[in-house]
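If you want the building blocks of each chain, they are given just below.
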Amino acid sequence: MELAVGAGGMRRSASHTSLSESDDFDLSRLLNKPRINVERQRSFDDRSLSDVSYSGGGHARGGGFDGMYSPGGGLRSLVGTPASSALHSFEPHPIVGDAWEALRRSLVFFRGQPLGTIAAFDHASEEVLNYDQVFVRDFVPSALAFLMNGEPEIVRNFLLKTLLLQGWEKKVDRFKLGEGAMPASFKVLHDSKKGVDTLHADFGESAIGRVAPVDSGFWWIILLRAYTKSTGDLTLAETPECQKGMRLILSLCLSEGFDTFPTLLCADGCCMIDRRMGVYGYPIEIQALFFMALRCALQLLKHDNEGKEFVEKIATRLHALSYHMRSYFWLDFQQLNDIYRYKTEEYSHTAVNKFNVIPDSIPDWLFDFMPCQGGFFIGNVSPARMDFRWFALGNMIAILSSLATPEQSTAIMDLIEERWEELIGEMPLKICYPAIENHEWRIVTGCDPKNTRWSYHNGGSWPVLLWLLTAACIKTGRPQIARRAIDLAERRLLKDGWPEYYDGKLGRYVGKQARKFQTWSIAGYLVAKMMLEDPSHLGMISLEEDKAMKPVLKRSASWTN
């Protein structure tokens, strides 16, 4: 159903949300506010990058997108040569130009202004499904690519428009969602006869499984900080609208209840792993994004009467969350040996086996997978159950957000190098390892045919994760790992048509249902390349460790060998 907007105001449907061109709200209301080019201060999370020259984003000059300011100097066309390549004397890889062309082809416009990028531009696919929509999580690597290329306005437009969508009434089957929930995606419909653009938002009412996203709000806060760090423009984050938007998101995830853990409860299908994969509970992906969003919000929130309360809540939660994650989610050789020798049915505060994990529940594959040096944050921790699987996104975000200590970050990189074939293979990067098979697959996934073994979210390889791997490599001083992974990707990505994911234990085969020209596969590659060319870009997506949150931990073998 469409949302009709007229002189009398806005009429909302119960289950669909949309905005037509005749709406009183105009992006220009916020975009045209005076913009102050604030001199960038070297914050704590910039200092580790002080030896690298900054060549990040700039501001648009002129009234539109016809001419853009390039970090390389001068005005250029929106479809011109990528600015990043102009900064260096060497020739870029031949597929870089194709990647930029494909990324720009995915642009979505609303009232003539670029607003985001669609999920995939696959004309060969018979079923469009929701791949023609702008997903909040999918747009993040696109946004970073544009920021790194000196084109911040599309990111600014996106942040403002999704902020507007957040404020609408959200109902799924007559049940009202929390006020701070961000949409999973939105779609722009153009009516050429009426000359009207209509915006439809999906908060989960159309999603497979009918689940609302938990991660959209976190990605929005993280992207707002990235925009601020890249441009040096503090005015957007300081607007009352952005401050309120952050507070609404935080109200959802910082509310008190019956949960005794500082982690955030998350249902299956509410994150990047958007099908049933047995991640219900406290998945590492959501906890790492939660941690990072809290730290970003701490930097962006004003310490006024309304913001001060949230700043205090965030500080308290971060201390508890960092201790919990670093202590209970962390696994290396020494910790695995300790769990193997656990006693069960322990009671009182002196218990060592606090979650009553039965040693016999440790899967056989883990004993061979765990190297003597190396470690990772496991997938989930809950009473009597640990999900020992490796999940790439959560571990990479843990490094970038400094949820992982420097020693833990090094151990994660050690693991990747030691288990290169399993986690990287022939196409970076395994979204999770290992795959669920046979009878367990039937039970856990509900016989989902898309998540058969070594496919899609069940052990598939996702090129989009390349940018996260590259960022983590740069932060830990291991750029050679990223270069090796990027070299692998460049052999196949363009030739295969930029697929959404790859199948097989080594990622040798284009995914059986993978869309071609998947936008975040394209953008993820570009972001990875630009970060390697100019490591200062890392500052917009990385946070340095807060020493006040570092707990006293027993150092394991993988940290000291």
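Calculation rules
- Residues numbered from 1 in each chain as written.
- Predicted model: local features only at pLDDT ≥ 70, side-chain atom pairs only at ≥ 80, totals over all residues.
- Heavy atoms only, no water.
- UniProt positions renumbered as here; feature names shortened; annotations may be inferred.
- Helix = DSSP H or I, 4+ residues; strand = E, 2+ residues; numbered from the N terminus.
- Contact = heavy atoms within 4.5 Å.
- Pairing = 2+ DSSP bridges.

- The chain has the name Alkaline/neutral invertase in an unreviewed UniProt entry, where Oryza punctata is given as its organism.
- Taken directly from UniProt, the Sequence similarities (unreviewed entry) text for the chain runs: "Belongs to the glycosyl hydrolase 100 family."
- Within the UniProt record for the chain, the comment given under Function (unreviewed entry) is "Invertase that cleaves sucrose into glucose and fructose."

1. Things to note about the side chain of Thr228
Part 1 of the argument: With respect to the helices and strands, the residue Thr228 is situated in helix 6 (residues 216-231).
Part 2 of the argument: Setting aside residues up to four positions removed in sequence, Thr228 forms contacts with Asp233, Leu234, Ala237 and Leu300.

2. Some details on the environment of Tyr340
Part 1 of the argument: Its place among the elements puts Tyr340 in helix 10 (residues 333-340).
Part 2 of the argument: Each C-alpha atom of the pair Tyr340 and Ile362 lies 7.7 Å from the other, and the pair is 22 residues apart in sequence.
Part 3 of the argument: Ignoring any residue separated from it by four or fewer positions in sequence, one finds Tyr340 in contact with Pro359, Ile362 and Phe367.

3. Quick notes on the pairing of strand 11 (residues 185-191)
Part 1 of the argument: The sheet contact formed by strand 8 (residues 134-135) and strand 11 spans two bridges and is antiparallel. Within strand 11, the residue paired with Phe135 across the bridge is Ser185.
Part 2 of the argument: One ladder, built from seven bridges, connects strand 11 with strand 12 (residues 196-202); its direction is antiparallel. Across the sheet, residue Ser185 finds its bridge partner in strand 12, namely Asp202.
Part 3 of the argument: From the end of strand 11 to the start of strand 12, which pair antiparallel, there are four residues, and Gly195 there has a positive phi angle of about 70°.

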